[in-house]
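Chain residues, written in single-letter form:
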Amino acid sequence: MDLLQQRVNQAHASGNYQPVIDLIPYAGVLGVHCERFGEEMIFRLPCNLDNIGNPTIPAIHGGVIASFMELTAAFQLTLQLEHPALAKIIDFSVDYMRAGLNRDTFAMCTVERQGRRVANCSIIAWQERKSQPIASARGHFLLDSFSSLT
Amino acid sequence: MSEQILQKCQRFIGALAHMRKLQMQVIKADEKSVTVVLPVQGQLVSNELDTYMHGGVLTTLVDTATSLSTIPALKEYELCPTLDLRIDHMSAPVASQPMYAHAECYRVTRNVLFTRATVYQDNPSKPVAYAISTFMRPGSGNTDLAFKSLVDGVKETI
């Protein structure tokens, strides 16, 4: 995991998080970006016609929104861990509240508790304003890189 | 009948930009269930890390499969928005094999559809993930007519 440690350190130093995001191929396919504001990280999913899942509204694919939120949590954990490791997902549950229109979507992850082995995350995603989320999600991640789910 | 359902599912998935991007295909569909495959593809493989290869994309596969399972469950096509989705990941999928999602809609009520899915790779009896998802019915007449014709295969241009 030296590569990850190196990328994370560089990203924190330069403020450019793209090299870390590029480590997960699907994040690149979706076009995920990340910006840091003080201590807070906001993830952005730019408007992209390839992410449409409902051509009638048109609206972003529900799976894309959920994946974006899952990636937000995974990156948030990776970036805030003392010894970065790609957190392994245990479970993920998302509530859809509004249609995600074909425009930029933002997401933030709050780590509600970070234990030795498991982190509890809650994530919200919004477009126009954070007070009107399009979806909220909860997920558990396995932190111990030596533990295996298999 | 199964053939018609399969074609309906294929027309639906073919109409979605993100599904074309991921080359997702419906390989089996009948009155009860649908099976969707995510083929192995370069854009989802990382040369740098060998972990978390399918990060996120499993979620998209499951959402698609459960959404498709609402098609055989309803007499008339309705475009049902997802209400919630929950996935339990039992093991990490490997990048070198395609990923399959088998989904069924096990209960239809006036307003809500209840679905479940299993995700597997080489062995269907050893899933990498389980999922449940619920969908809201839009109510009759609330699905875009042009899109409904497209899914139903009625010769009308969207």
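From a predicted model like this one, the values you see are computed outputs, not experimental measurements.

Procedures and definitions
- Residues numbered from 1 in each chain as written.
- Chains lettered and ligands numbered in written order.
- Predicted model: local features only at pLDDT ≥ 70, side-chain atom pairs only at ≥ 80, totals over all residues.
- Core = buried A, V, L, I, M, F, W, Y, C linked by C-beta atoms within 7 Å.
- Buried ≥ 20, exposed ≤ 12 C-beta atoms within 10 Å, placed from the backbone.
- Contact = placed C-beta atoms within 7 Å.
- Helix = DSSP H or I, 4+ residues; strand = E, 2+ residues; numbered from the N terminus.
- Nonpolar A, V, L, I, M, F, W, Y, C, P; charged D, E, K, R; others polar.
- Pairing = 2+ DSSP bridges.
- Axes fitted to C-alpha atoms, helices over the stretch in contact; angles between N-to-C directions.
- Parallel < 35°, antiparallel > 145°, perpendicular 65-115°, else oblique.
- Left-handed = near helix turned anticlockwise from the far one by under 90°.

Trainee: I'd like a rundown of the nonpolar core, residues and numbers included.
Mentor: If you look at the biggest cluster of nonpolar residues, it comprises 80 residues, and the most contacted ones within it are A:F68, A:M69, B:L61, B:V62, B:L68 and B:V119. Setting aside residues no more than four positions away along its own chain, B:L61 makes contact with B:M24, B:V36, B:L38, B:M99, B:A101 and B:V119. Judged by nonpolar contacts, the second largest core, of 6 residues, contains B:C80, B:C105, B:L113 and B:F135.

Trainee: Can you explain the interface of chain B and chain A? Please cite residues and give values.
Mentor: With 36 residues of chain B in contact, the opposing surface of chain A contributes 37 residues. Elements with a contribution of two residues or more to the side of chain B that touches chain A: α2 (17–22), α3 (57–68) and β3 (82–89) of chain B. Looking at the side of chain B that touches chain A, the element that brings in the most residues is β3(B), giving 8 residues. Its residues placed into classes, the side of chain B that touches chain A shows 17 nonpolar, 12 polar and 7 charged. Relative to β3(B), strand β5 (residues 88–96) of chain A runs antiparallel, the two sharing 5 bridges. Directly across from A:S93, in β3(B), lies its bridge partner B:R86.

Trainee: How would you sum up the pairing of strand β5 (residues 112–120) of chain B? Please name residues and give values.
Mentor: All names here are of chain B. Both strand β4 (residues 99–108) and β5 contribute to a ladder of 8 bridges, which runs antiparallel. Among the inter-strand pairings, H102 is bridged to a residue of β5, identified as T118. The antiparallel hairpin formed by β4 and β5 contains 3 residues in its connecting segment. By the bridge criterion, 8 bridges tie β5 to strand β6 (residues 129–136) in an arrangement that is antiparallel. Residue R116 lies in a different strand from β6, and its bridge partner there is I132.

Trainee: Outline the packing of helix α4 (residues 62–80) of chain A against α3(B), supporting the account with residue identities and numerical values.
Mentor: In the contact formed by α4(A) and α3(B), the axes pass within 8 Å of each other and the chain directions differ by 155°. One way to sum up the angle between α4(A) and α3(B) is to call them roughly antiparallel. For the element pair α4(A) and α3(B), the recorded crossing hand is right-handed. Note on element contacts: α3(B) touches α4(A) through B:V57, B:T59, B:T60, B:V62, B:D63 and B:T64, opposite A:G62, A:G63, A:V64, A:A66, A:S67 and A:E70. Taken together, the residues of the contact of α4(A) with α3(B) break down into 4 nonpolar, 6 polar and 2 charged.

Trainee: Give me the sheet that holds β4(B): which residues, what numbers.
Mentor: Taken in spatial order, the 12 strands line up as β1(A)-β2(A)-β6(A)-β7(A)-β8(A)-β5(A)-β3(B)-β6(B)-β5(B)-β4(B)-β2(B)-β1(B) in an open sheet, and their pairing is antiparallel. Where the open sheet ends on each side, the last strands, each with one partner, are β1 (33–37) of chain A together with β1 (25–29) of chain B. Averaged over neighbouring strand pairs, the angle between their axes works out to 20° when direction is ignored. Where β3(B) meets β6(B), 7 bridges bridge the pair, whose relative direction is antiparallel. For B:I87, the partnering residue across the bridge sits in β6(B) and is B:A131. Against the sheet, α4(A) makes contact with β1, β2 (40–45), β5, β6 (105–114), β7 (118–126) and β8 (133–142) of chain A together with β3 of chain B, and its axis sits at roughly 50° relative to β6(A), the strand it touches most.

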